[in-house]
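# Summary of structural features
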Amino acid sequence: MPEAPTGSPARSGDVLIAVGTMKGAFLFSSAPDRSDWQMDGPHFPGEEVYAMALDSRGGSNILWAAPGNPFFGTTLLRSDDLGATWSGKDERPVRFPEESGLSLERIWQIRPGPAEEPDRMWLGVEPTCLFESTDGGDSWAPVQGFLEHEHRERWTPGKGGLCMHTIIPHATDSERMLVAFSTGGVYGTDDGGRSWAPRNTGVRAEFLPDKHPEFGQCVHKVAYHPDRPERLFLQNHWGLYRSDDWASSWQDVANGVPSDFGFGMAVHPHDPDTVYIVPLESDGFRCTPEAKLRVYRTRDAGGSWRPLTRGLPQKDAYETVLRDALDVDALAPAGVYFGTRSGKVFASSDDGDSWDMVIEGLPPVVCVKASVLA
Amino acid sequence: MDLPLEMSGGGDEGVVVLLPGQLRDLTGGEARVHVDEPADTVGALFQLLRATHPAVYDRIFTERREVRPHVNVFVDGADIRWVGGLETPVRPRSEVVVIPAVSGG
């Protein structure tokens, strides 16, 4: 067993990349120039870590992780010292009610709430459900309106399971929220979670006889920028979309990409028209097209996409970037980060114009979350 | 899996539950948990364990109070899935062993 990690040495203003893998979690930190990365880990060796988050609201840095394994299940842990110690092992706060007939398989998303509500948090879990905490993560309860949704019996798991991977609270209206899950698609509430309706108009479901059902789409990720509160971008299981009306309708924006299949998606921290994706060849061959590892960037909200290749392997690169393995930091120019199933992590400190490999040889990367420490 | 070569039972009336390495950080490093209260079945035994070691119970059981699919429980050497499930009888000095199944990569 590897030596116990000591916690990240990162300080206020540094950048922290939390990397979850199939066999543990790793923390990478750097000064704001993002030129020299220090690794700490593995945390939870042997455990899969699909969800991590750094919550810096209120000026403290609380690191969250959801390690688990197929034997003994998933739990939610918290560190107040950047991974030197973790609390919560003796608790199991994320539980379905026994009468629901459901049991927690995996936590896919940890989403701190808005800055003005520092005790509010959400989780997206498998089987698909939204959990909410109003006490800073000490206790959790499923959002009843979603748990008891009339469509639940007709939602079916994709290859990754019936997973809720995206949680987007509206930037200006606390009653409105969107979630996305595979398969089911995008659902929204306008009444604080009491009722939920599908929001998939225009999104294809290539794997169903009816290509445009009300719900049942295999949405892989939805990305959002709070400065443009009605706009969203969506990476589908085949399909790349934008909505300008808070998911009431979606338009195809796969303009100039080698494939509109992919998983990860992130919006630039300071430009809501700039979005990053990593296209994959197909659902049958989930690898980078032409064996070239290319991040694609649009600067005009999907009107056109350009490949970013400087520093990325352009030969024999059969890589896969999964849905939560692409993220941005909040600095300017922006840091952009992604991890691959082959265990590589790449970083850009110039909006994606050029890239460096942070590390290779990790277990398969399933989660990359970048943050600037408070 | 570092099970002892020779496994001993609990006290005169008690039952010992042997836990795998992955769960021992929940017991202060102890591989064995003694349940001294009487229980007729392994299901009742685990409910007693739940009272003293809730985190261990939650790792072995789902919210539906079912043994997790990739966890095997043996009573005196017999896999409970084939001899009565949670109704499998336990006796004083029975040995209950929890072992993760061989699966995954």
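The structure contained in this document is the topic of the report that follows. Computed from a predicted model, the values in this text were never measured in an experiment.

## Observations regarding helix H1 (residues 42–52) of chain B
Since the α-helix turns once every 3.6 residues, residues separated by three or four places project in the same direction. Residues and elements named next belong to chain B. Restricting attention to buried positions, one finds in H1 the residues Val42, Gly43, Leu45, Phe46 and Leu49. The buried residues of H1 all sit within an arc of 155° when viewed along its axis, so they share a single face. Lining the buried residues of H1 we find strand E1 (15–18), strand E2 (32–35), helix H2 (54–60), strand E3 (71–75) and strand E5 (95–100).

## A word on the sheet that holds strand E21 (residues 275–280) of chain A
Residue and element names in this part refer to chain A. Strand order in this open sheet of four strands is E20-E21-E22-E23, and the pairing throughout is antiparallel. If you trace the sheet from one side to the other, it starts and ends with strand E20 (261–267) and strand E23 (306–308), each paired once. Pairwise comparison of adjacent strand axes, ignoring direction, gives a mean angle of 30° for this sheet. Alignment of E20 against E21, held across five bridges, turns out to be antiparallel. Paired with methionine 265 across the bridge in E21 is isoleucine 277.

## Some details on the interface of chain B and chain A
With 20 residues of chain B in contact, the opposing surface of chain A contributes 18 residues. The junction of chain B with chain A conceals about 1,700 Å² of combined surface from both sides, 48% of it contributed by carbon and sulfur atoms. Its largest share of buried area at the contact with chain A, chain B owes to Arg59, Glu63 and Arg64 of chain B, together 39% of the area lost on that side. For the pair chain B and chain A, the interface holds two salt bridges. Ionic pairing is found between glutamate 98 of chain A and arginine 65 of chain B, a salt bridge with its closest N-O pair at 3.0 Å. Linking chain B with chain A are seven residue pairs in polar contact (both at pLDDT 80 or more). Broken down by element, the residue count for the side of chain B that touches chain A peaks at three residues, all from H2 of chain B. Looking at side-chain class alone, the side of chain B that touches chain A contains seven nonpolar, five polar and eight charged residues.

Criteria and cut-off values
- Residue numbers here run from 1 along each chain, matching the order of that chain's written sequence.
- Both sets of labels track the order of writing: A upward for chains, 1 upward for ligands.
- In view of the model being predicted, local features appear only for residues whose pLDDT reaches at least 70, and side-chain atom pairs are presented and counted only at 80 or more, with totals across whole chains, interfaces and linings using the full set of residues.
- As a convention, hydrogens and water are excluded, and side-chain values are obtained from all of the structure's heavy atoms.
- Burial status follows relative accessibility: with a 1.4 Å probe on protein chains alone, a residue under 20% of its type maximum counts as buried, one over 50% as exposed, and anything between as partly exposed.
- Helix and strand definitions here come from DSSP, where helices need a minimum of 4 consecutive H or I residues and strands a minimum of 2 consecutive E residues; each element is numbered from the N-terminal end.
- Throughout, the arc means that of the directions going from the helix axis to the C-beta atoms.
- In what follows, residue pairs with any heavy atoms lying within 4.5 Å of each other are defined as contacts.
- Pairs of strands are assigned from DSSP output, requiring at least two bridges between the strands.
- Helix axes use the C-alpha atoms of the stretch in contact, all axes being lines fitted to C-alpha atoms, and the angles between their N-to-C directions lie in the range 0 to 180 degrees.
- Buried area, as used here, totals the accessible surface that two parts lose on assembly, with accessibility defined by a 1.4 Å probe and the loss added over both.
- Throughout this description, the term salt bridge denotes a Lys or Arg side-chain nitrogen within 4 Å of a carboxyl oxygen of Asp or Glu.
- Any pair of nitrogen or oxygen atoms within 3.5 Å is treated as a polar contact; in protein, a donor-acceptor pairing is required on top of that, and neighbouring residues in sequence qualify only through side-chain atoms on both sides.
- Residues are grouped as follows: nonpolar covers Ala, Val, Leu, Ile, Met, Phe, Trp, Tyr, Cys and Pro; charged covers Asp, Glu, Lys and Arg; every other residue, Gly included, is treated as polar.

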